[in-house]
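Reading the structure
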Amino acid sequence: MLPTAVLSTHTGGFKGFTYRDLTEDIVPIKEHWKSLGLTYDAFYTGFLGSFEQIDLVGSLIEGLSNERTTVYVDPVMGDNGNLYTVFDSDFPKGMRRLCEKADVLMPNLTELCFMLDMEYKSGPYTWDYIDSVLKAAEVFGLKKIVITGVSFEAGKVGAVFKDYESCEKGQVMRDVIEGYYHGTGDVFGSALVGALESGICLKDSVRLAVDFTVKSIIRTYESGADVRYGVDFELGLGEYVRYVDALKKGIGLHDVSSHLEISLASGLAAKIWSEGYKDIIPKEQIEYMVDKFQSSDAIQRAIDDGYVYCLIRAGDLDIGYLGYHMEADRMFLSKLYVDGEHRGMGVASKCFQLLKDRCREKGLHKIYLTVKRDNYRAINAYKANGFVIIDQADTPIGNGFEMNDYILEASF
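Residues numbered from 1 in each chain as written. Predicted model: local features only at pLDDT ≥ 70, side-chain atom pairs only at ≥ 80, totals over all residues. Heavy atoms only, no water.

Attention now moves to the overall build of the chain. The secondary structure content of the chain amounts to 13 helices and 17 strands. A principal-axis box enclosing the C-alpha atoms of the chain has dimensions of 75 × 45 × 40 Å. Relative to its 412 residues, the chain shows a buried fraction of 44%. Across the chain, contacts joining residues at least 24 apart in sequence account for 62% of those joining residues at least 6 apart. Surface accessibility of the chain: about 20800 Å² in total, with carbon and sulfur atoms responsible for 50%. (Helix = DSSP H or I, 4+ residues; strand = E, 2+ residues; numbered from the N terminus. Buried < 20%, exposed > 50% of the residue type's maximum accessible area, 1.4 Å probe, protein only. Contact = heavy atoms within 4.5 Å. Areas by Shrake-Rupley, 256 points an atom, 1.4 Å probe, with all protein chains shown as cover.)

This paragraph deals with the nonpolar core. Val-206, Ile-312, Leu-322 and Leu-333 are the most contacted members of the largest nonpolar core, which totals 58 residues. Considering every element that reaches this core, the biggest residue donor is helix 7 (residues 202–223), with eight residues. Setting aside residues no more than four positions away along its own chain, Leu-333 makes contact with Leu-322, Gly-323, Tyr-324, Phe-352, Leu-355, Ile-367, Tyr-368 and Leu-369. Among the nonpolar cores identified, the runner-up in size contains 40 residues, and Leu-64, Leu-83, Phe-87 and Val-160 belong to it. (Core = buried A, V, L, I, M, F, W, Y, C linked by side-chain atoms within 4.5 Å.)

The next point concerns the packing of helix 3 (residues 91–99) against helix 4 (residues 109–116). Running from amino to carboxyl end, helix 3 crosses helix 4 at an angle of 95 degrees, the nearest separation of the two axes being 9 Å. Taken together, the axis directions place helix 3 and helix 4 in an arrangement best described as roughly perpendicular. The segment helix 3 lies against helix 4, with Pro-92, Met-95, Arg-96 and Cys-99 engaging Phe-114, Met-115 and Leu-116. Broken down by class, the residue content of the contact of helix 3 with helix 4 amounts to six nonpolar, no polar and one charged. (Axes fitted to C-alpha atoms, helices over the stretch in contact; angles between N-to-C directions. Parallel < 35°, antiparallel > 145°, perpendicular 65-115°, else oblique. Nonpolar A, V, L, I, M, F, W, Y, C, P; charged D, E, K, R; others polar.)

Further remarks concern the packing of helix 2 (residues 51–64) against helix 3. Between helix 2 and helix 3, the least distance of the axes is 9 Å, while the angle of their chain directions is 5 degrees. As judged from the angle between their axes, helix 2 and helix 3 are roughly parallel. From helix 2, Phe-51, Ile-54, Asp-55, Val-57, Gly-58 and Ile-61 reach across to helix 3, where they touch Phe-91, Gly-94, Met-95, Arg-97 and Leu-98. Partitioned by chemical class, the residues of the contact of helix 2 with helix 3 number seven nonpolar, two polar and two charged.

Let us now look at the pairing of strand 10 (residues 169–175). Taken together, the seven bridges between strand 9 (residues 156–163) and strand 10 define a ladder with antiparallel strand orientation. Within the sheet, the bridge partner assigned to Val-160 lies in strand 10 and is Gln-171. Counting the residues between successive antiparallel strands, the hairpin from strand 9 to strand 10 contains five residues, one of them, Cys-167, with a positive phi of roughly 70 degrees. (Pairing = 2+ DSSP bridges.)

A contiguous patch of negative charge on the surface is contributed by Asp-21, Glu-24, Asp-25 and Glu-52. Note that Glu-24 resides in helix 1 (residues 23–35). (Patch = residues over 30% accessible without salt bridge, like charges linked within 9 Å, V, L, I, M, F, W, Y side chains within 5 Å. Salt bridge = Lys/Arg side-chain N within 4 Å of Asp/Glu carboxyl O. Lys, Arg positive; Asp, Glu negative; His and termini not counted. Charge placed at Lys NZ, Arg CZ, Asp CG, Glu CD.)

Sheet strands pair by backbone hydrogen bonding; their relative direction is either parallel or antiparallel. In spatial order, the strands read 11-12-13-14-15-17-16; together these seven strands make up an open sheet with mixed pairing. For this open sheet the edge positions go to strand 11 (251–255) and strand 16 (388–398), each flanked by a neighbour on one side alone. Within the sheet, the average angular offset between the axes of one strand and its neighbour, ignoring direction, is 30 degrees. In the sheet, strand 13 (residues 317–326) pairs with strand 14 (residues 331–338) via seven bridges, with the strands oriented antiparallel. What sits directly across from His-325, in strand 14, is Phe-332. The strands touched by helix 12 (residues 347–361) are strand 11, strand 12 (308–314), strand 13, strand 14 and strand 15 (366–372); relative to strand 11, the strand with the most contacts, the crossing angle is about 55 degrees.

Attention now goes to a nonpolar patch on the surface. Side chains of Leu-7, Phe-17 and Tyr-19 sit close together on the surface and give an oily, nonpolar patch of about 270 Å² of accessible area. Examined against the element boundaries, Phe-17 turns out to sit in the loop between strand 1 (5–7) and strand 2 (19–21).

With respect to topology, six strands assemble into an open sheet ordered 3-4-7-8-9-10, the strand pairing being mixed. What marks the edges here is a single partner per strand, and that holds for strand 3 (40–45) and strand 10. In this sheet, strand 4 (residues 65–73) lies alongside strand 3 in parallel orientation, the contact comprising five bridges. If you follow Tyr-44 over to strand 4, its bridge partner there is Tyr-72.

By the burial criterion, the buried members of helix 1 are Thr-23, Ile-26, Lys-30 and Trp-33. For helix 1, the angular spread of the buried residues around the axis is 70 degrees, confining them to a single face. Every exposed residue of helix 1 that faces more than 90 degrees away from the buried side is listed here: Glu-24 and Ser-35. Residues of helix 1 that are buried in the fold lie against strand 2, strand 3 and helix 2. Two residues or fewer past helix 1, Gly-37 is found with a positive phi of approximately 75 degrees. (Arc of directions from axis to C-beta.)

A few words now on the pattern of salt bridges. Close approach of charged atoms allows side chains of opposite charge to pair. Counting across every chain of the model gives 26 salt bridges. Residue Lys-101 is joined to Glu-62 by a salt bridge in which the shortest nitrogen-to-oxygen separation is 2.4 Å. With Lys-101 in the loop between helix 3 and strand 7 (104–105) and Glu-62 in helix 2, the pair connects residues that are 39 residues apart, well separated along the chain. Among the residues examined, Lys-101 registers a relative accessible area of 32% and is labelled partly exposed. Among the residues examined, Glu-62 registers a relative accessible area of 55% and is labelled exposed. Close ionic contact of Arg-330 with Glu-409 constitutes a salt bridge, the shortest N to O distance being 2.7 Å.

Encoded structure:
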């Protein structure tokens, strides 16, 4: 790490803080690193306080890069349509020079509009407008861009992204949390760079970074901590590492066949159902349904009846299971469950892609499933993956219990 300045605290809400400018140390540090033959696979720049620092950091990047180097730039300059007070109107021109060296750019809309000499508009935005901004940003010669602080509807905010090499683009939106929280930009940027440098694709990296940041804000909000001291990101590091590790290994489906694999699926069922449905279904019904539908014997009977069960694997770790049956004109997805430690990281979306591939092999182009009508989290997740509600059903399952479900279907 090369610090460009050292402050005793940040400048938001504190008085009497100390500040030491380290601009004059940048060149000697660079020259020492060069004398050691060091080069770096990645550079990540954030707040730079002057034109001089911008040019020095740009020179450092050029002098210490190798053929594998990726340059990440967060052009910290302003927000909500205004530059920060420490910058004058010429500063964006200097920052643009550095951004033109970037492979991955992580601005908010304010910063991007200033560098592109575009009029800033306050949200909520339309996708057409955001798409035009993404198009305009092509002038930087980037590989990827992530724009933060974007909202398409009241109460939702997040990030949009585009991979200029693959042309993939999208958005990750979450509920707005009231209040102002210092350091969230740094938390987001660090989480994003960490995921991308681990080999995670852009879409999953953005989602990981958004969720890591949002969960940090929620912990801070719920604790009532003094927001001047930043957000509580430390408690989320373990989960973040697990998510990155699982996505690095890749998500795959392993067909269940042996007695041991059936037992593994049944064990996952007991664990996942007890933790995932405790606030939706009475404990007695959970126990009854696991025994009736998810025991080893029940899974074996289903397989004998033509159902396919799969363990969901991240590398060599079993993180969930699913079951399906091929019908004449579509697939019936009977079950898809992911354990709590790996939920919310896009595993279901990856499973749907793998299941669609299996459907296409059979000439099928539809998947349908049932979901409890008050399981709003699951319903929203299915809708996000292209499923729509086509019907509903009330089905007695014995012992006085009844399943009250929606039927959802996705065509592809």
